[in-house]
Amino acid sequence: MELDLTPKLPKKVYGGDGGSYFAWCPEELPMLKQGNIGAAKLALEKHGFAIPRYSDSSKVAYVLQGSGTAGIVLPEQEEKVIAIKQGDSIALPFGVVTWWFNNEDAELVILFLGETHKGHKAGQFTEFYLTGSNGIFTGFSTEFVGRAWDLDENTVKKLVGSQTGNGIVKLDASVKMPQPKKEHRDGFVLNCLEAPLDVDIKDGGRVVVLNTKNLPLVGEVGFGADLVRIDGHSMCSPGFSCDSALQVTYIVGGSGRVQVVGADGKRVLETHIKAGSLFIVPRFFVVSKIADSDGMSWFSIVTTPDPIFTHLAGKTSVWKALSPEVLQAAFKVDPDVEKSFRSKRTSDAIFFPPSN
């Protein structure tokens, strides 16, 4: 069966005055189901409130735009109230309860990428809401709720029936929400736009990698992530994950071209990509990207907490490690061609600026 790796945009699942929830559909992007990957976006308008919920999947959240407040409760721990802004990454393990609130004029947009191998539906997140018209309270009888929380019948009816919203609601401007605490960010959030760069190539590109060293909760989530930004017309070296990980890539900004090569040297994807689209690179497939004039940035998860990549160009590429005789025989070329090939790309760079 032919692999369909075509980048896709998300579809709206639900929403209202407070904002909307979007998700990528496994039926339209089959690699989601095959790879047990979920992908979604939350967009909150001013005073938009995503009511408390938990998920059947571990995730990484990345703030694409705007700023606001997040509430995070790990199992049997106290609530952390965190100020979030563009560039923030948050690891969300199994069992965590979250809520999200936008108190600013600008829209707050958050990307969620994660694994669904333990979820109810392959390739799709299932959310469990604590309150609202589809919250878990509504499923229990008045008797069960009353006995569980030691409440009288009238109080139970008010508690269960007052919130008629579903998933996302718009709060009145007079509603006071908890104030974030600066210390609550420690260990929970890494801002990819401010963090030390793991790779920095002049006029080429920059990378920040999320792993167990700079965001320990990544270990509990079970996969790593990175933010890559390349300059106009620059190229990201062809490479692949050598530890059997899938690469799930969301284009944050800009645009460019991408090629993916799979087994038997077959080019399985060649397309133009732009901001808002998502695509998945299968295990061991080789991918490379070239940015348009405005550059390009993307946020990716790799389905292992400390991913290892092999790049096929540059000083550290496998070509530099192989002996000249092997390359001559493998390419069936004379020594002069092999020498010319080996002498190029002698830096450690994985991003290549355009030639002058």
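Residues numbered from 1 in each chain as written. Predicted model: local features only at pLDDT ≥ 70, side-chain atom pairs only at ≥ 80, totals over all residues. Heavy atoms only, no water.

(A) Just empty space enclosed by the protein, in detail. For the coordinates displayed, the defined rule picks out one cavity of 30 Å³ or more. Here the largest cavity is characterised by a volume of approximately 140 Å³. Lining the largest cavity are 15 residues, with Ser55, Lys59, Leu92, Thr98 and Glu127 positioned closest to its centre. Element by element, the count of residues in the lining of the largest cavity is highest for strand β4 (residues 48–55), at three residues. (1 Å grid on protein atoms, 1.4 Å probe; cavity = no way out; pocket = protein on both sides within 12 Å on 5 of 7 lines; lining within 4 Å. Points joined across faces, edges and corners; volume = space filled by probe spheres on them. Helix = DSSP H or I, 4+ residues; strand = E, 2+ residues; numbered from the N terminus.)

(B) Expanded view of the environment of Ile90. Within the element layout of this structure, Ile90 appears in strand β8 (residues 88–92). The class for Ile90 is buried, based on a relative accessible area of 1%. For the pair Ile90 and Leu210, spaced 120 residues apart in the sequence, the C-alpha separation amounts to 9.7 Å. Apart from the residues lying within four places of it in its own chain, the contact partners of Ile90 are Lys59, Val60, Ala61, Ile72, Ile84, Trp100, Phe188 and Val189. (Buried < 20%, exposed > 50% of the residue type's maximum accessible area, 1.4 Å probe, protein only. Contact = heavy atoms within 4.5 Å.)

(C) Spatial organisation of the sheet that holds strand β1 (residues 11–16). Across the sheet, which stays open at both edges, the seven strands sit in the order β1-β2-β3-β10-β5-β8-β13 with antiparallel pairing between neighbours. Taken across any chain shown, the strands that pair with only one partner, and hence form the sheet edges, are β1 and β13 (189–191). For this sheet, the mean inter-axis angle between neighbouring strands, taken without regard to orientation, is 20°. Relative to strand β10 (residues 108–115), strand β3 (residues 37–44) is paired through eight bridges, and the arrangement is antiparallel. (Pairing = 2+ DSSP bridges. Axes fitted to C-alpha atoms, helices over the stretch in contact; angles between N-to-C directions.)

(D) Summary view of a nonpolar patch on the surface. Judged by side-chain polarity, Val318, Leu322 and Val326 come together as a nonpolar surface patch covering roughly 200 Å² of accessible area. With respect to the element layout, Leu322 can be found in the loop between α6 (318–321) and α7 (324–331). Under the relative-accessibility criterion, Leu322 is labelled partly exposed at 32%. (Patch = residues over 30% accessible without salt bridge, like charges linked within 9 Å, V, L, I, M, F, W, Y side chains within 5 Å. Areas by Shrake-Rupley, 256 points an atom, 1.4 Å probe, with all protein chains shown as cover. Salt bridge = Lys/Arg side-chain N within 4 Å of Asp/Glu carboxyl O.)

(E) Unusual backbone geometry, seen in detail. The phi torsion at Asp203 lies on the positive side, around 60°, for a residue other than glycine. Mapped onto the fold, Asp203 is located in the loop between β14 (199–201) and β15 (205–210). The backbone of Phe284 shows a phi angle near 70°, a positive value even though the residue is not glycine. Following the sequence through the fold, Phe284 ends up in the loop between β20 (278–281) and β21 (286–302).

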